[in-house]
Amino acid sequence: MGIGEAIAKIFAEHGANLVLLSRDAGRIEAARGRIGYTERTLALSCDVSHREEIDRVISLTLHHFDRIDVWVNNAGVEHNGPAEGLSRRDWDETLGVMISGTFFCSQAVARPMLARGKGVIINLASVNAFNAIEGRVAYCTAKAAIVMLTQALGVEWAKRGVRVVGIAPGVVRTDLVERIMAEGWASEPLYERRTPMHRLGKVEEIAEAALFLASDRARYITAETLRVDGGWSAYQLF
């Protein structure tokens, strides 16, 4: 289970209606089945690097559920390799999906939220927004931009009732992390040594942070990115 799916699941368990988005229609339908609560879940195909697709899913969501209370930006791609060999296509795709997609989704969903004077937008960043790692220049750049976007939008919309917050996960056991380890870019013992808690995070722990940030318990938190990383960012020695 990925982070996005875990967040959707915990929100559904607390009574939320869901809209799941993915470029891959088959993948999103499979996730819908795994999460359950299918009568309260809408699965839509969407490429967030295309503004017209974002506008379409926002319109469909409002038609189906009447309002949007919480929006989670979690779309991501990753192209690993030396910076000097990164292609223009891979660079553009990474920033197009992760930073442009995050901004234009936030912009589109904020309009009805601002009209109501209430809403929460949660952006998924990464510890790599604060601590760069070799071979991931486009990913680190995009995640750092998401942190600043969270601050900028959070400040701008705070007085109008819309909170914008972020989560920066550490190394969490997801399919992506498993692939990185399988490709030899890192290993589990290496990640464990680098993390003060000496273990990988769980997707459920990120989901619980998202649930908190979306709740009224976090009503005085905006323009902030919460690091859920087992101490990774604070640890300065390797």
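Everything discussed here concerns the structure shown above.
Definitions and cut-offs
Residues numbered from 1 in each chain as written. Predicted model: local features only at pLDDT ≥ 70, side-chain atom pairs only at ≥ 80, totals over all residues. Heavy atoms only, no water. Buried < 20%, exposed > 50% of the residue type's maximum accessible area, 1.4 Å probe, protein only. Helix = DSSP H or I, 4+ residues; strand = E, 2+ residues; numbered from the N terminus. Arc of directions from axis to C-beta. Pairing = 2+ DSSP bridges. Right-handed = clockwise from strand over helix to strand, strands pointing away. Axes fitted to C-alpha atoms, helices over the stretch in contact; angles between N-to-C directions. Contact = heavy atoms within 4.5 Å. Parallel < 35°, antiparallel > 145°, perpendicular 65-115°, else oblique. Left-handed = near helix turned anticlockwise from the far one by under 90°. Nonpolar A, V, L, I, M, F, W, Y, C, P; charged D, E, K, R; others polar.

Visitor: Help me get a handle on helix H6 (residues 175-182), residues and values and all.
Guide: Listed as buried for H6 are Val177, Ile180 and Met181. Mapping the buried residues of H6 onto a view down its axis gives an arc of 95°, with all of them on the same face. Facing away from the buried side of H6 by more than 90 degrees, the exposed set consists of Asp175 and Ala182. In the stretch just after H6, glycine 184 is the one whose phi turns positive, near 85°.

Visitor: Can you break down helix H1 (residues 3-13) residue by residue, with the values?
Guide: Along H1, 8 of the 11 residues are buried, which leaves the element largely enclosed by surrounding structure. Taken residue by residue, H1 has Ile3, Glu5, Ala6, Ile7, Ala8, Ile10, Phe11 and Ala12 as its buried positions. Backbone geometry just after H1 places glycine 15 at a positive phi near 95°.

Visitor: Give me the pairing of strand E3 (residues 70-73): which residues, what numbers.
Guide: Burial along E3 is one-sided: Trp71 and Asn73 are buried, and none of Val70 and Val72, which face the opposite way, are. Where E3 and strand E4 (residues 119-124) come together, 4 bridges link them in parallel fashion. Pairing of valine 70 across the sheet is with valine 120, part of E4. Handedness of the β-α-β unit built from E3, helix H4 (residues 88-116) and E4 comes out right-handed.

Visitor: An account of the sheet that holds E4 is requested, with residue identities and associated values reported.
Guide: Strand order in the open sheet formed by 4 strands is E3-E4-E5-E6, with parallel pairing between adjacent strands. The open sheet has two edge strands, E3 and strand E6 (224-228), and neither has a second partner. Averaged over all pairs of adjacent strands, the angle between their axes in this sheet comes to 20°, without regard to strand direction. This element, H4, spans E3, E4 and strand E5 (162-169) of the sheet and lies at about 170° to E4.

Visitor: Would you mind going over unusual backbone geometry in detail, with residue names and values included?
Guide: At histidine 198, a position not held by glycine, the phi torsion is positive, near 55°. If you trace the backbone, histidine 198 turns up in the loop between helix H7 (188-194) and helix H8 (203-214). With a phi angle near 60°, alanine 223 is a residue other than glycine that sits in the positive phi range. Secondary-structure assignment places alanine 223 in the loop between H8 and E6. With a relative accessible area of 19%, alanine 223 lands in the buried category.

Visitor: I'd like to hear about the environment of isoleucine 122, residue by residue, with values.
Guide: By the element assignment, isoleucine 122 lies in strand E4. By relative accessible area, isoleucine 122 is classed as buried at 0%. As for isoleucine 122 and glutamate 224, which are separated by 102 residues in sequence, their C-alpha atoms are 10.0 Å apart. Residue contacts for isoleucine 122: discarding those within four places in its chain leaves Val70, Trp71, Val72, Asn73, Val165, Ile167, Ala210, Leu213 and Ala214.

Visitor: Explain the packing of H4 against helix H5 (residues 137-157) to me, using residue names and the numbers behind them.
Guide: The interhelical angle for the contact between H4 and H5, taken along N-to-C directions, is 15°, at an axis separation of 9 Å. As the angle between them shows, H4 and H5 are arranged roughly parallel. H4 and H5 meet at a crossing whose hand is right-handed. Counting all contacts with H4, which are made through Trp91, Thr94, Leu95, Met98, Ile99, Thr102, Phe103, Ser106, Gln107, Ala110 and Leu114, the residues of H5 involved are Val137, Ala138, Tyr139, Thr141, Ala142, Lys143, Ala145, Ile146, Leu149, Leu153 and Trp157. Residue classes in the contact of H4 with H5 are distributed as 16 nonpolar, 5 polar and 1 charged.

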